[in-house]
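Survey of secondary and tertiary structure
Chain by chain, the residues:
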Amino acid sequence: MKVSIIGYKNHAKRLESILNDMGIIPYMWNHHTDNFTNLIGSDAILISSPNDTHVEYIKKILRMSPQTYIFCEKPPAVNLVELDYLDNLDSNIKGRIFFNFNRRFSYISKLVKEGNFGKPVHFNFVSSHGLAFKDTFKDNWRFESTNKLMGVYGTVAIHYIDMCIWLLGECKSINVYKSTYSESKLADSVTIDMKFKNGCTTNIFVSYVTPFINRSNMIFENAIIEQEDGEINLYENWNTTDENGFFKKPSKQTLLKLKSSREYYNDSLKNSLVEFVKVVKEQQLWTDDYFSKSIKSNRILLNERVSDD
């Protein structure tokens, strides 16, 4: 099986390393030096390039080889014209395109899908660090672009928006609040409030201008899931009381303890790639759900508001 990666550093190297561990040696395509025809004959092509090139490369691949499987980093598109193009593709083509919303394959997603915690009540996610203050950030495409999906909003927040849609279903309303504290042309800090048809509310905060923090807090009727860096703890049973009959927090059950949030992220990334390779090897198609929810997550980011009618 021939697998190629559009990209040659950073995240592309991370994908290459995971594939190597799976016994696959991919061809790394460098847009500075290589001809696009070098990708001909690939069974699968992974797109790991700046956000605003994703649809451009998808179009090129489909013109060159419509039967090739495509693994594309998020977001799928950076404007509504591109998104409508993807949404109007033939269903057979959609089934061969896998957008890498890897938090769908994270430990937490699996836990929520398989668990019996009662109805979801409120989810809160915080993911932030000080990237915007680093000198090297000034030369980064996230800093120079004026497209809102090229910065922390479309690079980090979209992961959590998609995971909420994946786990909770239809979103009824969303409000987005943006701030800029650095010299970036884009907002470097974003807060997102969402409300879902099932009643659950969520709050997401992402930023490039604070000390490092990576935390999730998911509250259900009968349980609380807390993630801090690479550790995930579960607290079960709403009817937990002390010796005086007053409510208290349930006992902690540590379900997962990794070294860092990076290791936790890499685990979900590996799971996502395993899913992709499995389907490619079996020459299967992904269900409509995979593609349609990716488009829905992307559309929410572009529209920024969903009616609560």
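Quick caveat: nothing in here was measured; it's all calculated off a predicted structure. (Residues numbered from 1 in each chain as written. Predicted model: local features only at pLDDT ≥ 70, side-chain atom pairs only at ≥ 80, totals over all residues. Heavy atoms only, no water.)

**Regarding the pattern of salt bridges**
- Taken as a whole and assessed by the stated rule, the structure comprises twelve salt bridges.
- Of the charged contacts in the structure, one is a salt bridge between glutamate 282 and lysine 278, with a shortest N-O distance of 3.6 Å. In this pair, glutamate 282 and lysine 278 both sit in helix α8 (residues 261–282), four residues apart, roughly one turn of the helix.
- Taken together, the shared-partner salt bridges in this structure form one network comprising Asp84, Asp87, Lys94 and Arg299. (Salt bridge = Lys/Arg side-chain N within 4 Å of Asp/Glu carboxyl O. Helix = DSSP H or I, 4+ residues; strand = E, 2+ residues; numbered from the N terminus.)

**A short note on helix α9 (residues 288–303)**
- The end-to-end C-alpha separation of α9 is 22 Å, in line with the 22 Å expected for 16 residues at 1.5 Å each.
- Among the residues of α9, Tyr290, Phe291, Lys293, Ser294, Ile295, Ser297, Asn298, Ile300, Leu301 and Leu302 are the ones counted as buried. (Expected span 1.5 Å × (residues − 1). Buried < 20%, exposed > 50% of the residue type's maximum accessible area, 1.4 Å probe, protein only.)

**What to know about the sheet that holds strand β5 (residues 97–100)**
- If you walk across this open sheet you meet the five strands as β2-β1-β3-β4-β5, and the pairing is parallel. The sheet terminates laterally at β2 (27–29) and β5, the two strands that pair on one side only. Neighbour to neighbour, the strand axes of the sheet diverge by 20° on average, direction disregarded.
- Pairing of strand β1 (residues 3–6) with strand β3 (residues 44–47), which is carried by four bridges, proceeds in the parallel orientation. By the bridge assignment for β3, isoleucine 5 is matched with leucine 46.
- Along the sheet, α8 contacts β3, β4 (69–73) and β5; its crossing angle with β4, the most-contacted strand, is approximately 165°. (Pairing = 2+ DSSP bridges. Axes fitted to C-alpha atoms, helices over the stretch in contact; angles between N-to-C directions. Contact = heavy atoms within 4.5 Å.)

**Considerations on the environment of lysine 259**
- Relative to the assigned elements, lysine 259 resides in the loop between β13 (252–257) and α8.
- In the structure, lysine 259 is positioned 28 residues away from glutamate 231 in sequence and 7.9 Å away in space, judged by C-alpha atoms.

**Quick word on the packing of aromatic side chains**
- Enumeration over the complete set of coordinates arrives at 19 aromatic pairs.
- Aromatic pair phenylalanine 36 and tyrosine 57: ring centres 6.0 Å apart, planes at 5°, arrangement stacked. Of this pair, phenylalanine 36 sits in the loop between β2 and β3 while tyrosine 57 is found in helix α2 (residues 54–64), placing the two residues 21 residues apart along the sequence. Of the two residues, phenylalanine 36 and tyrosine 57, both sit in the buried class.
- Ring geometry for phenylalanine 98 against tryptophan 286: centres 5.0 Å apart, planes inclined by 45°, an arrangement best described as tilted. In this pair, phenylalanine 98 is assigned in strand β5 and tryptophan 286 in the loop between α8 and α9, connecting sequence segments 188 residues apart. (Phe/Tyr/Trp six-rings, centres within 6.5 Å; stacked < 30°, edge-to-face > 60°.)

**A look at unusual backbone geometry**
- In the segment running from lysine 74 into proline 75, the intervening peptide bond is cis, with an omega of -5°.
- Position of proline 75 among the secondary structure elements: in the loop between β4 and α3 (80–87).
- Even without glycine at this site, aspartate 229 takes up a positive phi of about 55°.
- Relative to the helices and strands, aspartate 229 is located in the loop between β11 (223–228) and β12 (231–236).
- With a phi close to 55°, glutamine 283 is a non-glycine residue in the positive phi region.
- Here glutamine 283 is to be found in the loop between α8 and α9.

**Some details on the pairing of β5**
- Alternating residues of β5 divide into Ile97 and Phe99 and Phe98 and Asn100, and every residue in both groups is buried.
- Where β4 lies against β5, four bridges are found, and the strand directions are parallel. Across the sheet, cysteine 72 pairs through a bridge with phenylalanine 99, a residue of β5.

**Examining helix α5 (residues 107–114)**
- All of the buried residues in α5 are Ile108, Ser109, Leu111 and Val112. The buried residues of α5 occupy an angular sector of 160° when the element is viewed end-on, so they sit on one face. Exposed residues pointing more than 90 degrees away from the buried face of α5 are listed as Lys110, Lys113 and Glu114.
- Buried residues along α5 sit in contact with α7 (152–168), β10 (213–220), β11, β12, β13 and α8. (Arc of directions from axis to C-beta.)

**Observations concerning the sheet that holds strand β9 (residues 201–207)**
- Taken together, eight strands build an open sheet; the order of strands is β7-β8-β9-β6-β10-β11-β12-β13 and the sheet is mixed. Bordering the open sheet on either side are β7 (171–179) and β13, each of which pairs with just one other strand. Adjacent strand axes in the sheet meet at a mean angle of 10°, parallel and antiparallel pairs treated alike.
- Bridge count for β11 against β12 is six bridges, and the pairing is antiparallel. Note that in β12 the partner of isoleucine 225 across the bridge is leucine 234.

**Observations concerning the environment of serine 106**
- Here serine 106 is to be found in the loop between β5 and α5.
- Along the chain, serine 106 and methionine 163 lie 57 residues apart, while their C-alpha atoms are 9.4 Å from each other.
- Excluding residues that lie within four positions of it along the chain, serine 106 makes contacts with Met163, Tyr264 and Ser268.
- At 3.5 Å, the side chain of serine 106 and the side chain of tyrosine 264 are in polar contact. (Polar contact = N/O pair within 3.5 Å; in protein donor to acceptor, adjacent residues only side chain to side chain.)

By themselves, these are just geometric observations and shouldn't be taken as functional.
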